[in-house]
Amino acid sequence: MRVIAIDGPAGSGKSTVARALAKRLGMDYLDTGAMYRAVAFAALRRGIDPEDADLVARLADQLELDVSDQVTVDGVDATIEIRGPEVTRAVSTVAANPAVRKELNRRQHEWAEARRGGVIEGRDIGSVVFPDAAVKVYLTASDAERAARRSKEVLDMNYDEVAADIARRDHIDSNRPTDPLTVADGAIVVDTTATPIDSVVEQVLALLARMPESE
């Protein structure tokens, strides 16, 4: 099984790089952040407080979840809704829930095993979920650049709101007791602030070319 782990904070370019890598390599791609957003979406849709750890954990266990080109939650297409400001504000709280992380990590392993690997992006892929990944990449970028990128994606929030939300999420994700955002052992760190996506992709492909195929 060959896994390429792409980690990093919000707005660092994980999704863009991971999708491009998967296309170049002919591999499947998984956005684990979308999984946590899907749980947050489901909780909000059912009127469950994201802070209610027990209820959210039970919800995560029961959800029918499909994350691919579309994100389907219990049969509902939530592809657009999971990127909205309400879910964005709730997702770090949901992602800090140890029981939710345990369940989604299980699903991530199940996904990878079924496909004999893939390009998987998130915040703890190389550090926790797949510590033996063939290649581990940690993407970063300046706070201003990350906020600028996200403000173009989240149309219901202005630049200042997005910047404040990113700072809040960085703090929560980096300081949560369970699986915090960190640079995995052996990961290559790439600053994407002024680096074209194609260049980042080529760096990762060069790393892969120097490594033996996994059995």
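Chemist: Just checking my understanding: could you explain the overall build of the chain for this structure?
Modeler: Summing up its helical and strand segments, the chain has nine helices and eight strands in all. Seen along its three principal axes, the alpha-carbon backbone of the chain occupies a region of about 50 × 40 × 30 Å. Counting the 215 residues in the chain, one finds 50% classified as buried. Looking at the chain alone, contacts between residues at least 24 apart form 74% of all its contacts between residues at least 6 apart. Summed over all atoms, the accessible surface of the chain reaches about 10300 Å², with 49% contributed by carbon and sulfur.

Chemist: Could you clarify how one ought to interpret the side chain of Asp165 in this entry?
Modeler: Within the element layout of this structure, Asp165 appears in helix α8 (residues 159–175). Filtering out sequence-adjacent residues up to four positions away, Asp165 remains in contact with Thr88, Arg89 and Met157.

Chemist: Would you explain the sheet that holds strand β4 (residues 71–73) in this entry?
Modeler: Each strand in a sheet pairs with another by means of backbone hydrogen bonds, the pair being arranged parallel or else antiparallel. The strand order across the open sheet formed by three strands is β3-β4-β5, and the pairing between neighbours is antiparallel. Each of the sheet's edge strands pairs with one partner strand only, and the pair in question is β3 (65–67) and β5 (76–77). Packing against the sheet, helix α2 (residues 32–45) makes contact with β3, β4 and β5, and its axis sits at approximately 40° to β4.

Chemist: What is the right way to read the pattern of salt bridges from this model?
Modeler: A side chain of one charge can pair with a side chain of the opposite charge if their charged atoms are brought near each other. Tallied over the entire structure, the rule returns 15 salt bridges. The residue Arg146 makes a salt bridge to Asp143 at a minimum N-O spacing of 3.1 Å. Within this pair, Arg146 and its partner Asp143 are both found in helix α7 (residues 143–153), separated by three residues, close to a single helical turn. Accessibility expressed as a relative area gives 3% for Arg146, which makes it buried. Residue Asp173 pairs with Arg176 through a salt bridge whose shortest N-O separation is 3.3 Å. Classification of Asp173 by relative accessible area gives buried; the value is 2%. Residues joined by salt bridges that share partners form a network here, namely Glu103, Arg106, Arg107 and Glu110.

Chemist: Just to check I follow, could you spell out the side chain of Ser92 for this structure?
Modeler: Position of Ser92 among the secondary structure elements: in helix α4 (residues 85–95). Every residue in contact with Ser92, bar those within four places of it in the chain, is listed here: Arg169, Ile172 and Asp173.

Chemist: What is the right way to read helix α1 (residues 14–25) from this model?
Modeler: Spanning twelve residues, α1 covers 16 Å between terminal C-alpha atoms, matching the ideal 16 Å at 1.5 Å per step. Considered for burial, the residues of α1 that qualify are Lys14, Val17, Ala18, Leu21 and Ala22. Here the buried residues of α1 occupy an arc of 130° about the axis, which is enough to place them on one side. In α1, the exposed residues that point more than 90 degrees away from the buried face are Lys23 and Arg24. Lining the buried residues of α1 we find β1 (2–7), β2 (29–31), β6 (117–122), β7 (135–140) and α9 (197–209). Positive phi appears at Gly26, one or two residues downstream of α1, with a value of about 70°.

Chemist: It is not clear to me how the packing of α2 against helix α3 (residues 53–62) should be interpreted in this structure. Could you clarify?
Modeler: Each pair of packed helices can be summarised by the angle the axes make with each other and by the distance between the axes. Packing of α2 against α3 brings their axes to within 10 Å, and their N-to-C directions diverge by 115°. If you check the angle between α2 and α3, you find them roughly perpendicular. The chirality of how α2 crosses α3 is right-handed. Residues Val39, Ala42 and Ala43 of α2 form the contact with α3, whose own contacting residues are Val56, Leu59 and Ala60.

Chemist: Sorry if this is basic, but what is going on with the sheet that holds β6 here?
Modeler: If you trace the five strands from one edge of the open sheet to the other, you get β2-β6-β1-β7-β8, paired in parallel fashion. Edge strands, defined here as strands with exactly one partner in the open sheet, are β2 and β8 (188–191). Neighbouring strand axes in the sheet, compared pairwise and without regard to direction, differ in orientation by 20° on average. Summarising the sheet, β2 and β6 pair through three bridges and their orientation is parallel. Bridging across to β6, Leu30 finds its partner in Ile120. Across the face of the sheet, helix α5 (residues 98–115) comes into contact with β1, β2 and β6 while running at roughly 155° to β6.

What counts, and where the lines are drawn
Residues numbered from 1 in each chain as written. Predicted model: local features only at pLDDT ≥ 70, side-chain atom pairs only at ≥ 80, totals over all residues. Heavy atoms only, no water. Helix = DSSP H or I, 4+ residues; strand = E, 2+ residues; numbered from the N terminus. Buried < 20%, exposed > 50% of the residue type's maximum accessible area, 1.4 Å probe, protein only. Contact = heavy atoms within 4.5 Å. Areas by Shrake-Rupley, 256 points an atom, 1.4 Å probe, with all protein chains shown as cover. Pairing = 2+ DSSP bridges. Axes fitted to C-alpha atoms, helices over the stretch in contact; angles between N-to-C directions. Salt bridge = Lys/Arg side-chain N within 4 Å of Asp/Glu carboxyl O. Expected span 1.5 Å × (residues − 1). Arc of directions from axis to C-beta. Parallel < 35°, antiparallel > 145°, perpendicular 65-115°, else oblique. Left-handed = near helix turned anticlockwise from the far one by under 90°.

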